[in-house]
Amino acid sequence: MAKQDRAKKQIPRAAAGNGDGKPVKYILIGISVLFFLIMLVFPLFEVIYRSLREGFEIFSEALTAKNTVSALNVTILATVIAVLVNTCFGLCAAWLITKFEFRGKQVLSTLIDIPFSISPVIAGLAFIMTFGRIGWAKPIIDGVNDLLGTDISFVFSVPGVVLATIFVTFPFVSRELIPVMQVQGTSEEEAAAMMGAKGFAIFRRVTFPHIKWGLLYGMILCAARAFGEFGAVYAVSKARGKTFTLPLEIDALYMAGSAESITQAFAVSSLLVLMAIIMLVLKQVVEYRGKREQ
């Protein structure tokens, strides 16, 4: 009883302590809002303003230019393929790491994080040294081309852009799924297997309902990263109007130096801003739906 009385006396003190912390809370909120405005809102507003400053006609011409359309097509192609490939890889890797025990499990988990720890430019150079004219894989590629009568190339070509995009984005899906599947455990799958369910049926009816929002979240992050990739793609893409993505086209327009090209660069940048906003909205929707189901 004495302990309960002391606990009751401490409750008002704790409540009073929360009131004493209000100035600190508001200071932290002010710092966060100020940082958010300076680092994100004002720069994005400046991009939109400069893209429309010379009029909508110039803005429209910049977006419909041949090089811009080509860069948009390459960006969308690389993003779609990267998301599909990394979704398959992420599911397989997460399933393997969370549902099975094997030697080298920690090594595999560490290797997945490699794109997070190295510069994308280094990744692009690595692809050049692997698939380029002096790369060890070049004789193999030439042999396949001679056999099939094709002209496949992984350097300074669209396949190279796709390959570089896949590399820099492949951890996102698996890194979202692994924690979710670890929390889920294996008891439900084991119970379903004991009741006679097969592998795909277990995944579709038991595993997937638990991981679907984490999977969508990882796919959104993967797509957002693919849209804005510059370093790795820059190393393996050199033909403007053929293999350039939107970030490379923006860089080329801005580096041209003329007032018109700089305005066009901001206009094309607005496309990436729009894509970023769409990804942000989708991210918030997925987070909301996931929390609501939980």
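Parameters and conventions
- Residues numbered from 1 in each chain as written.
- Predicted model: local features only at pLDDT ≥ 70, side-chain atom pairs only at ≥ 80, totals over all residues.
- Heavy atoms only, no water.
- Helix = DSSP H or I, 4+ residues; strand = E, 2+ residues; numbered from the N terminus.
- Rg over C-alpha atoms; globule rule 2.2 N^0.38 Å.
- Buried < 20%, exposed > 50% of the residue type's maximum accessible area, 1.4 Å probe, protein only.
- Contact = heavy atoms within 4.5 Å.
- Areas by Shrake-Rupley, 256 points an atom, 1.4 Å probe, with all protein chains shown as cover.
- Lys, Arg positive; Asp, Glu negative; His and termini not counted.
- Charge placed at Lys NZ, Arg CZ, Asp CG, Glu CD.
- Disulfide = S-S within 2.5 Å.
- Salt bridge = Lys/Arg side-chain N within 4 Å of Asp/Glu carboxyl O.
- Axes fitted to C-alpha atoms, helices over the stretch in contact; angles between N-to-C directions.
- Parallel < 35°, antiparallel > 145°, perpendicular 65-115°, else oblique.
- Left-handed = near helix turned anticlockwise from the far one by under 90°.
- Phe/Tyr/Trp six-rings, centres within 6.5 Å; stacked < 30°, edge-to-face > 60°.
- 1 Å grid on protein atoms, 1.4 Å probe; cavity = no way out; pocket = protein on both sides within 12 Å on 5 of 7 lines; lining within 4 Å.
- Points joined across faces, edges and corners; volume = space filled by probe spheres on them.
- Nonpolar A, V, L, I, M, F, W, Y, C, P; charged D, E, K, R; others polar.
- pLDDT = per-residue confidence, 0-100.

What's the story with the overall build of the protein in this structure? I'm lost.
Of the regular secondary structure elements, the protein holds 15 helices and zero strands. What you see for the protein is a C-alpha radius of gyration of 25 Å, clearly larger than the 19 Å of a compact globule of 294 residues, by over 25%. In terms of overall dimensions, the protein has a C-alpha envelope of 85 × 60 × 30 Å along the principal axes. Taken across its 294 residues, the protein has 34% of its residues classed as buried. Of all intrachain contacts in the protein linking residues separated by at least 6 positions in sequence, the fraction that spans at least 24 positions is 72%. Counting only carbon and sulfur atoms, one obtains 68% of the accessible surface of the protein, whose full area is about 18100 Å². Counting 28 positive and 21 negative side-chain charges, the protein places the averaged centre of each group 11 Å from the other.

When you look at the state of the cysteines in this model, what are you seeing that I'm missing?
Two cysteines joined by a covalent bond between their sulfur atoms form a disulfide. Under the defined criterion, the tally for this structure stands at zero disulfides. Just so you know, Cys88 is unpaired, no disulfide at all, and the nearest cysteine sulfur is the one on Cys92, 6.7 Å from it. Assessed through its relative accessible area of 55%, Cys92 is described here as exposed.

I would appreciate a short explanation of the pattern of salt bridges in the present structure.
Taken as a whole, this structure holds six salt bridges when the rule is applied. Lys105 serves as the salt-bridge partner of Glu101, at 3.2 Å between the closest nitrogen and oxygen. A residue is classified by how much of its surface remains accessible, and Glu101, at 71% relative accessible area, is exposed. Glu229 is the salt-bridge partner of Arg225, the closest N and O atoms lying 2.4 Å from each other.

Hey, could you run me through the packing of helix α12 (residues 199-227) against helix α15 (residues 259-293) in this one?
Two quantities define a packed helix pair, namely the angle between the axes and the distance from one axis to the other. At their nearest, the axes of α12 and α15 sit 9 Å apart, and the two run at 170° to each other. When the interaxial angle is binned, α12 and α15 end up roughly antiparallel. Read as a crossing pair, α12 and α15 show a hand that is left-handed. Here Lys212, Trp213, Leu216, Tyr217, Ile220, Ala223, Ala224 and Phe227 of α12 lie close against α15, whose contacting residues are Leu272, Met275, Met279, Leu282, Lys283, Val286, Glu287, Arg289, Gly290 and Glu293.

Whenever I open this one, the packing of aromatic side chains confuses me. Can you help?
Any two aromatic rings considered together are summarised by their centre-to-centre distance and by the angle between their planes. The tally for this structure, following the rule as stated, stands at nine aromatic pairs. Note on Phe127 and Phe131: the rings are 6.1 Å apart at their centroids and 20° apart in plane angle, and the pair reads as stacked. Here Phe127 and its partner Phe131 are both found in helix α7 (residues 120-131), four residues apart, which amounts to about one turn of the helix. With a centroid separation of 5.2 Å and 40° between ring planes, the pair formed by Phe131 and Phe154 is classed as tilted. Residue Phe131 is located in helix α7, and its partner Phe154 is located in the loop between α8 (138-148) and α9 (158-169); the two are separated by 23 residues in the primary sequence. The partly exposed category is assigned to Phe154, whose relative accessible area is 25%.

I would appreciate a short explanation of the layout of surface pockets in the present structure.
Over the atoms a probe the size of a water molecule is rolled, and this reveals where empty space is left. In this structure, the second largest pocket spans a volume of roughly 200 Å³. If you go around the second largest pocket, the residues you meet are Leu40, Leu44, Val273, Ala276, Ile277 and Leu280. Looking at the lining of the second largest pocket, the element that brings in the most residues is α15, giving four residues. When the residues that make up the lining of the second largest pocket are grouped by side-chain class, the tally is six nonpolar, no polar and no charged.

Looking at this model, I keep getting lost on the confidence of the model for the protein. Mind explaining?
Do not read the fine detail of predicted coordinates wherever pLDDT is low. Residues of the protein with pLDDT of at least 70 account for 93%, and the chain-wide mean is 84. Contacts of residues 11-17 to residues separated by more than four positions or lying in other chains number zero contacts, the stretch itself having pLDDT below 50.

Any chance you could explain the packing of helix α2 (residues 22-52) against α15 here in plain terms?
One way to put it is that α2 packs onto α15 with a least axis distance of 8 Å and a crossing angle of 130°. Here α15 runs oblique to α2, going by the angle between their axes. The handedness of the crossing between α2 and α15 comes out as left-handed. Between α2 and α15, the contacting residues are Leu44, Val47, Ile48, Arg50 and Ser51 on the first element and Thr263, Phe266, Ala267, Ser269, Ser270 and Val273 on the second.

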